[in-house]
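Chain residues, written in single-letter form:
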Amino acid sequence: MKKNSKKEIKEALKKWEDEVLNPRVKKFNLDKSPTTFYTPISSDSSYFMDKVGFPGQFPFTAGNNPFEFWRAYANFAAKVGYRSDWGGTGRSGKYGGFGTPADYRDYLLKMQSMGRYGGPNIAFDLVTQCGYDSDSSFAEGEVGRVGVAVDSMQDFTVIYEAFTGNLDIDKVPSNFTINAPAAVLIAMYACLAKRRGIPLNKLTGTPQNDILKEFIARGTYIYPPAPSMRMFRDTCVFCCKHMPEFNINSIGGYHIREAGATRVQDLAFSMANGIAYIEAGLEGGLEVDEFAPAFTFNAFGGSMEIYHEIAFQRAARRVWARILRDRFHAKDSKSMQIRQPITAHIGCSSTTLQRPLNNLARAVVGGMAAGMSGGIPGAFPPFDEPLGLGHSQEATQLQQDASRIMIYEAKVTDVCDPWAGSYFMESLTDEIEKDALAELEKIEKMGGAVAAIENGYMPRAVAKSAYERQKKIENQEELVVGVNCFTGEHEIDVSINRVVEATYDPQLMKTAEERQKANLARLKRERNGTAVVSSLRSLKVQAEDKDKNLMPIICECVENDATLQEICDVLREVFGEAQPMKL
């Protein structure tokens with residue numbers, strides 16, 4: 001055997017295409033081959049150290065670490081029967097929240113009685129997410145529906161009655177899925193620690209605090225983009241200075257892709273948002289290595305295209321690392337890492353209401369992509385995701401077992417970055433990186449993420465992509481099994497029993513709004529009204545000074561029992577309100 005030069009391979013490839021591939025394409029009357037073949041000329045392996053490197057080293061293409069912490073205890077966890085959805089001391093528990101604070105507290109206590117000791121991972125209702133109180137006219141019919149209602153420090157304190165002693169807030173982390181009013185919830189957390197005599201530097205956890213993606217995708221914004229970024233700056237500086245173990249944010253390309261963005265838009269928009277957040281921290285007077293290690297990513301989006309999702313994760317780590325090192329001159333390797341609880345996955349939008357048990361197979365595809373791109377091979381989401389709120393015990397069990405099978409039987413995580421050096425995967429990773437950087441450059445020329453939101457570019461791009469994808473599904477250009485293909489009369493709709501865990505008590509949900517409004521009325525009667533008015537006046541004065549950090553005065557407002565909406569209304573008066581964009 002002899003070594004082949006790239007010139008020889010290129011000539012041989014051309015000959016193969018002319019003599020083998022193209023005649024076959026013509027034979028089947030196709031415009032082009034339905035498959036792709038990669039060779040050594042598809043990707044330049046001479047730049048291995050710059051493009052791939054080793055796990056745990058720049059540019060982190062191959063992963064953040066040689067192995068993740070959970071891998072060290074995987075066999076022990078299997079032998080003792082540990083369930084990852086139980087959480088545990090030192091980690092957050094299952095994402096949830098409903099009804100009134102007392103309802104959610106009692107649910108958390110119930111979980112603890114079942115051995116689930118994770119810290120609170122709180123879902124807030126839409127009323128809270130949009131900065132309103134439960135007695136607002138905008139709140140009617142929504143109080144406690146898709147999360148727990150939190151109007152005041154008193155409400156926040158009630159939730160945390162479930163976390164004392166060995167589960168006090170200096171021993172378990174807290175996660176807050178909140179964006180526009182994130183500053184108020186962070187202030188409540190700080191004030192709770194103060195009341196309990198716990199130093200702020202002992203607090204751990206993660207607020208989502210990713211307001212830019214709300215303008216691009218979800219829509220739970222309050223103030224216009226620029227003052228919203230001022231609020232992010234203030235929380236960033238406050239957390240860095242006073243709560244150094246508490247993450248600053250959880251950037252979410254996931255929501256952008258779920259709203260319809262393409263894979264390239266997901267990566268480019270997420271990077272643009274991340275850059276804006278880094279710039280906000282610098283604007284607040286911080287050094288990049290002071291705060292960037294406390295940035296996290298909730299997750300990027302996902303799809304059923306397994307190869308592309310593996311390449312996406314590899315490209316994302318490389319792009320972020322280079323941005324932090326080359327643009328912001330970070331020196332700490334932790335500043336350059338994308339930390340996220342979920343890596344590759346299929347995305348909830350890939351699940352189908354038709355023949356829902358097929359979603360388990362889909363989730364396993366996503367889990368395999370995660371395991372082969374540096375993450376936990378989680379079969380996310382449970383198969384009954386599209387059937388409504390509340391995953392059944394059966395779906396959760398199958399999800400857990402699918403992940404276990406990938407880890408312990410298929411041994412998917414035994415090799416770090418198994419695709420490293422693959423002609424195909426390196427070429428695909430380069431392609432995604434190149435396309436995303438081109439899209440990012442377009443945004444940068446507009447003035448960055450905030451400008452690209454204000455001029456409507458990013459929201460409109462997502463809406464257009466969503467429309468185009470749906471059109472492809474309807475035209476059968478994209479095939480979805482059981483939805484637009486294989487739907488004949490002889491296909492069988494397989495189903496199994498579903499027992500939904502009694503998480504959301506229907507009776508409690510039915511009366512939550514009435515009970516929460518009564519609690520709020522009682523608070524307003526009994527609190528020190530003079531102190532509330534005084535602190536809110538101070539908030540207004542300080543908000544008018546754009547250089548003033550508002551976190552200390554928001555903490556004072558919270559301490560004096562000013563409500564969430566009262567605080568947000570003052571800021572609405574000063575900042576104005578963001579208006580829905582015409583797409």
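Procedures and definitions
- Residues numbered from 1 in each chain as written.
- Predicted model: local features only at pLDDT ≥ 70, side-chain atom pairs only at ≥ 80, totals over all residues.
- Heavy atoms only, no water.
- Core = buried A, V, L, I, M, F, W, Y, C linked by side-chain atoms within 4.5 Å.
- Buried < 20%, exposed > 50% of the residue type's maximum accessible area, 1.4 Å probe, protein only.
- Helix = DSSP H or I, 4+ residues; strand = E, 2+ residues; numbered from the N terminus.
- Domains from an automatic or database assignment.
- Contact = heavy atoms within 4.5 Å.
- Pairing = 2+ DSSP bridges.
- Right-handed = clockwise from strand over helix to strand, strands pointing away.
- Polar contact = N/O pair within 3.5 Å; in protein donor to acceptor, adjacent residues only side chain to side chain.
- Axes fitted to C-alpha atoms, helices over the stretch in contact; angles between N-to-C directions.
- Parallel < 35°, antiparallel > 145°, perpendicular 65-115°, else oblique.
- Left-handed = near helix turned anticlockwise from the far one by under 90°.
- Nonpolar A, V, L, I, M, F, W, Y, C, P; charged D, E, K, R; others polar.
- Salt bridge = Lys/Arg side-chain N within 4 Å of Asp/Glu carboxyl O.
- 1 Å grid on protein atoms, 1.4 Å probe; cavity = no way out; pocket = protein on both sides within 12 Å on 5 of 7 lines; lining within 4 Å.
- Points joined across faces, edges and corners; volume = space filled by probe spheres on them.
- Phe/Tyr/Trp six-rings, centres within 6.5 Å; stacked < 30°, edge-to-face > 60°.
- Lys NZ or Arg CZ within 6 Å of the ring centre and 35° of its normal.
- Patch = residues over 30% accessible without salt bridge, like charges linked within 9 Å, V, L, I, M, F, W, Y side chains within 5 Å.
- Areas by Shrake-Rupley, 256 points an atom, 1.4 Å probe, with all protein chains shown as cover.
- Disulfide = S-S within 2.5 Å.
- Buried area = accessible area lost by both parts, 1.4 Å probe.

**Structural notes on the nonpolar core**
At step 1: With 133 residues, the main nonpolar core has Y160, M271, F295 and L539 as its most contacted residues.
At step 2: Here this core gets 12 residues from one element, more than from any other, and that element is helix α8 (residues 182-196).
At step 3: When residues of this core are assigned to domains, at least three fall in each of domain 2 (45-92 + 210-217 + 225-489) and domain 3 (527-583).
At step 4: Not counting chain neighbours up to four residues away, the residues in contact with M271 comprise F297, F300, V319, W320, I323, I338 and L440.

**Examining the pairing of strand β3 (residues 174-177)**
At step 1: The side-chain alternation of β3 yields two buried faces, one formed by S174 and F176 and the other by N175 and T177.
At step 2: Looking at chain direction, strand β2 (residues 119-123) and β3 are connected through 3 bridges and run parallel. Within β3, the position partnered with I122 by the bridge is F176.
At step 3: Of the strand pairs in this sheet, β3 and strand β4 (residues 205-207) are connected by 3 bridges, and their pairing is parallel. Its bridge partner lying in β4, S174 is registered against G205.
At step 4: With α8 bridging β3 and the parallel β4, this β-α-β connection has right-handed handedness.

**Considering the side chain of N484**
At step 1: Structurally, N484 is set in the loop between α19 (457-474) and α20 (506-526).
At step 2: Among the polar contacts made by the side chain of N484, one reaches the main-chain carbonyl oxygen of E478 at a distance of 2.7 Å.
At step 3: When residues no more than four places from it in sequence are discounted, the contact partners of N484 are I473, Q476, E478 and L479.

**Structural notes on the packing of helix α21 (residues 529-543) against helix α23 (residues 564-575)**
At step 1: Contact geometry of α21 with α23 gives a least axis separation of 9 Å together with a crossing angle of 30°. Taken together, α21 and α23 sit at an angle that is classed as roughly parallel. When you trace α21 past α23, the crossing you get is right-handed. Counted together, V532, L536, L539, K540 and A543 of α21 and E566, I567, V570, L571, E573, V574 and F575 of α23 form the full contact between these two elements.
At step 2: Of the residues in the contact of α21 with α23, the class split is 9 nonpolar, no polar and 3 charged.

**Things to note about the pattern of salt bridges**
Charged atoms that come close allow side chains of opposite charge to pair.
At step 1: What the rule picks out here adds up to 37 salt bridges.
At step 2: Measuring nitrogen to oxygen at the nearest pair gives 3.1 Å for the salt bridge that ties E279 to R327. Of the two residues, E279 sits in helix α12 (residues 263-283) while R327 sits in helix α14 (residues 306-327), which places them 48 residues apart along the sequence.
At step 3: The exposure class of E279 is partly exposed, given its relative accessible area of 37%.
At step 4: Residue classification places R327 among the partly exposed positions, given a relative accessible area of 36%.

**Description of the layout of surface pockets**
At step 1: Of the volumes computed, that of the second largest pocket is approximately 1200 Å³.
At step 2: Every residue lining the second largest pocket is counted, 33 residues in all, and those nearest its centre are S303, E305, R469, I473 and E478.
At step 3: Counting residues per element, the ones that place at least two in the lining of the second largest pocket are α11 (253-258), α15 (358-371) and α19.
At step 4: Residue contributions to the lining of the second largest pocket peak at 7 residues, all from α19.
At step 5: When its residues are assigned to classes, the lining of the second largest pocket shows 11 nonpolar, 12 polar and 10 charged.

**Description of empty space enclosed by the protein**
At step 1: Enumeration according to the criterion identifies 2 cavities of 30 Å³ or more in this entry.
At step 2: Together, N179, A180, A182, A183, N209, I211, Y223, S228, M231, F232 and T235 line the second largest cavity.
At step 3: Counting only elements with at least two residues in the lining of the second largest cavity, the list comes to α8 and α10 (225-242).
At step 4: A total of 4 residues in the lining of the second largest cavity trace back to one element, the largest contributor, which is α10.
At step 5: Here the residues of the lining of the second largest cavity are counted per class, giving 7 nonpolar, 4 polar and no charged.

**Examining the packing of aromatic side chains**
At step 1: Summed over all chains, the structure comprises 27 aromatic pairs.
At step 2: Taken together through their ring pairs, the aromatic side chains of F124, F156, Y160, F163, F176, Y189 and F246 make up a single cluster.
At step 3: Positioned over the ring face of F312 is R257, at 5.1 Å from the centre of the ring.
At step 4: In this arrangement the basic side chain of R572 is found over the ring face of Y132, its NZ or CZ atom lying 4.3 Å from the centre.

**Digging into a nonpolar patch on the surface**
At step 1: On the surface, a nonpolar cluster with roughly 310 Å² of combined accessible area is contributed by W16, V20 and F37.
At step 2: Inspection of the secondary structure assignment puts F37 in the loop between α1 (6-27) and α2 (48-51).

**Focus: the environment of M372**
At step 1: Looking at where M372 falls in the secondary structure, it is placed in the loop between α15 and α16 (393-409).
At step 2: Given a relative accessible area of 17%, M372 falls into the buried group.
At step 3: Separated by 62 residues in the primary sequence, M372 and I310 place their C-alpha atoms 6.8 Å from one another.
At step 4: In contact with M372, other than residues within four places in its own chain, are I306, I310, V412, D417, P418 and W419.

**As for the state of the cysteines**
At step 1: Under the counting rule described, the total for this entry stands at 0 disulfides.
At step 2: Residue C568 stays outside any disulfide, its sulfur separated by 9.9 Å from that of C130, the closest cysteine.
At step 3: With a relative accessible area of 1%, C568 lands in the buried category.

**As for the environment of F163**
At step 1: By the secondary structure assignment, F163 is in the loop between α7 (153-159) and β3.
At step 2: The class for F163 is buried, based on a relative accessible area of 0%.
At step 3: On a C-alpha basis, the gap between F163 and P225 in space is 35 Å, while along the polypeptide they are 62 residues apart.
At step 4: Leave out the neighbours within four places in its chain, and F163 touches L108, Q112, G118, G119, P120, D168, V172 and R196.

**Comments concerning the domain arrangement of the protein**
At step 1: Segmentation of the protein into domains returns domain 1 (6-37), domain 2 (45-92 + 210-217 + 225-489) and domain 3 (527-583).
At step 2: A separation of 33 Å is found between the C-alpha centroids of domain 2 and domain 3.
At step 3: Buried area between domain 2 and domain 3, both sides added, is near 1200 Å², and the carbon and sulfur share of it is 68%.
At step 4: Considering only the surface of domain 2 that becomes buried against domain 3, R230, M231 and F238 emerge as the three largest contributors, covering 42% of it.
At step 5: Linking domain 2 with domain 3 are 0 salt bridges.
At step 6: In this structure, the connection of domain 2 to domain 3 is made through 7 residue pairs in polar contact (both at pLDDT 80 or more).
At step 7: Put simply, the parts of the chain that give the side of domain 2 that touches domain 3 at least two residues each are α10, α18 (449-454) and α19.
At step 8: The element contributing the most residues to the side of domain 2 that touches domain 3 is α10, with 8 residues.
At step 9: The residue inventory of the side of domain 2 that touches domain 3, partitioned by class, reads 8 nonpolar, 2 polar and 5 charged.

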